[in-house]
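Structural features, examined
Spelled out, the chains give:
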Amino acid sequence: MTPLFHPQPVNDPFGDPALYVDFRFERRALLFDLGDLTPLPARKILRLSHVFVSHTHMDHFAGFDRLLRLCLGRERELALYGPPGFIDQVEHKLAAYTWNLVHNYPADFTLIAAELHADQTLQRARFRCRTRFQREPLGFVAVADGILLDEEGFVVRAALLDHDIPCLGFALEEKLHLNVWKNRLQELGLPTEPWLKELKRLVRQQAADDTPVRIHWRDHSGEHERMESIGPLRGEVLQIVPGQKIAYVVDVVYHEENARRITRLAHNADTLFIECVFLNEDAERAAARFHLTARQAGALARAAGVKHLVPLHFSPRYSDDPQALRREAEAAFGGNNAQ
């Protein structure tokens, strides 16, 4: 299966947490956490459509300024999500700058900030460049099962976790993964792109079998057009398999309720990116700082049934032997492909 999502930590495990997820077939990306974004080139940052922030400790939010700097002067909208209090914090960051000349900008960059509350409501506000980023309340909407973003091909859901403050863990879930049998297309005398995008859209929407699809293409002999129903096409040219799932969990203390929420969020994930801040020999220090040990992280990954474990967010106290954290996490995970 060719994966739709390509996740990559922005920094090494000792650096600020930030996970960049590129989309294979679209010119877009998602970002989980806003730590130091210096390693990301501007072209990658400008692909972002949505940013999901676990909490606003500095190592998870300091990249906001670089993001803002690159987006200013561009006609675009960017959505940010975070825990309770997040809208106030975005507003305060914006208020730290002077905006007396932004009316001269030809484009109106807009930020939409949203925060998830424990009652499963999402509070939203808009900040527009041309109004000097004054806060415009957009009210509250109810969410189902922590789903922050629900698009045609995927959802992003969040779980409220405990870091002595509310902190969000995230899961990015592809709804269905649709592989195209190119050899069968050739046998049917059909081209590849772009009509397949429309076919996939209709299949994901569970359209009726008799729904027509227009197939139009051009080759050396001229233009061609056919109308086909999605029912036969679904069976002939598509392989439908479970979608890809990526989970991201950082800055949480280990206790029963956190463990329950993390394992539910990350259940059967293809890849879990999870903090491994301390070794188990320093479990008391980890608990006092509301962080996980590598052993706890590996055990959570095993309990969630994830396929691959990627440890991150290492304490600098282990910089002389970073493999110690990986070894401990992998041992607790079961030795199953910890990276």
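Let me begin by describing the structure that accompanies this report. (Residues numbered from 1 in each chain as written. Predicted model: local features only at pLDDT ≥ 70, side-chain atom pairs only at ≥ 80, totals over all residues. Heavy atoms only, no water.)

Okay, unusual backbone geometry next. Positive phi values are uncommon outside glycine, yet Asp-33 reaches one of about 80°. Tracing the backbone shows Asp-33 in the loop between strand 3 (29–32) and helix 1 (42–45). In this structure, Phe-290 takes a positive phi of about 60° despite not being glycine. Here Phe-290 shows up in the loop between helix 9 (283–288) and helix 10 (294–304). Under the relative-accessibility criterion, Phe-290 is labelled partly exposed at 23%. (Helix = DSSP H or I, 4+ residues; strand = E, 2+ residues; numbered from the N terminus. Buried < 20%, exposed > 50% of the residue type's maximum accessible area, 1.4 Å probe, protein only.)

Per the stated rule, a full pass over the model turns up 14 aromatic pairs. Judged by centre distance (5.3 Å) and plane angle (75°), the ring pair of Phe-5 and Phe-23 falls under edge-to-face. Of this pair, Phe-5 sits in strand 1 (residues 5–9) while Phe-23 is found in strand 2 (residues 19–23), placing the two residues 18 residues apart along the sequence. The pair formed by Phe-5 and Phe-23 is uniform in burial state, with each residue classed as buried. Among the aromatic residues, those joined into a cluster by ring pairs are Phe-32, Phe-52, Tyr-81, Phe-170 and Tyr-248. In this structure, Arg-28 is placed above the aromatic ring of Phe-23, and the distance from its NZ or CZ to the ring centre is 5.0 Å. (Phe/Tyr/Trp six-rings, centres within 6.5 Å; stacked < 30°, edge-to-face > 60°. Lys NZ or Arg CZ within 6 Å of the ring centre and 35° of its normal.)

Here we come to the pairing of strand 11 (residues 166–174). Along strand 11, eight of the nine residues are buried, which leaves the element largely enclosed by surrounding structure. The antiparallel hairpin formed by strand 10 (residues 154–162) and strand 11 contains three residues in its connecting segment, where Asp-164 sits at a positive phi of about 70°. (Pairing = 2+ DSSP bridges.)

For side chains of opposite charge, pairing can occur when their charged atoms come near one another. Taken as a whole and assessed by the stated rule, the structure comprises 18 salt bridges. Here Glu-26 and Arg-28 are joined by a salt bridge, their closest N and O atoms 4.0 Å apart. Looking at Glu-26, the relative accessible area reads 37%, which means it is partly exposed. We classify Arg-28 as buried; its relative accessible area is 10%. Between Asp-145 and Arg-264 there is a salt bridge, with the nearest N and O atoms lying 2.9 Å from each other. Here the residue Asp-145 occupies a position in the loop between strand 8 (135–142) and strand 9 (147–150), and Arg-264 occupies one in helix 8 (residues 256–265), the gap between them amounting to 119 residues. You can call Arg-264 exposed: its relative accessible area is 54%. Sharing partners across several salt bridges, the network here consists of Asp-108, Arg-126, Arg-128 and Glu-136. (Salt bridge = Lys/Arg side-chain N within 4 Å of Asp/Glu carboxyl O.)

Okay, the side chain of His-60 next. Looking at the element boundaries, His-60 is found in helix 2 (residues 58–61). In terms of polar contacts, His-60 uses its side chain to reach the side chain of Ser-54, at 3.5 Å. There is a polar contact of 3.1 Å between the side chain of His-60 and the side chain of Asp-251. Not counting residues within four places of it along the chain, the set of residues in contact with His-60 comprises Pro-17, Asp-33, Leu-34, Gly-35, Val-53, Ser-54, His-55, Val-250, Asp-251 and His-313. (Polar contact = N/O pair within 3.5 Å; in protein donor to acceptor, adjacent residues only side chain to side chain. Contact = heavy atoms within 4.5 Å.)

On the basis of which strands lie adjacent, the open sheet formed by eight strands has the order 1-2-3-4-5-6-7-8 and mixed pairing. The sheet is open, and its two borders are formed by strand 1 and strand 8, each paired with just one other strand. Between one strand axis and the next, the sheet turns by 20° as a mean value, whatever way the strands run. Where strand 3 and strand 4 (residues 48–52) come together, four bridges link them in parallel fashion. Note on strand 4: the bridge partner recorded for Leu-30 is His-50. Against the sheet, helix 3 (residues 64–71) makes contact with strand 4, strand 5 (77–82) and strand 6 (110–116), and its axis sits at roughly 165° relative to strand 5, the strand it touches most. Strand contacts of helix 4 (residues 86–95): strand 5, strand 6, strand 7 (121–128) and strand 8, with the helix running at about 150° to strand 6, the strand carrying the most contacts. (Axes fitted to C-alpha atoms, helices over the stretch in contact; angles between N-to-C directions.)

Relative to the assigned elements, Arg-234 resides in helix 7 (residues 230–237). Given a relative accessible area of 21%, Arg-234 falls into the partly exposed group. A sequence separation of 35 residues divides Arg-234 from Leu-199, and the C-alpha atoms of the two residues are 8.2 Å apart. The contact partners of Arg-234, leaving out residues within four places of it in the chain, are Val-203, Ala-207, Asp-209 and Ile-240.

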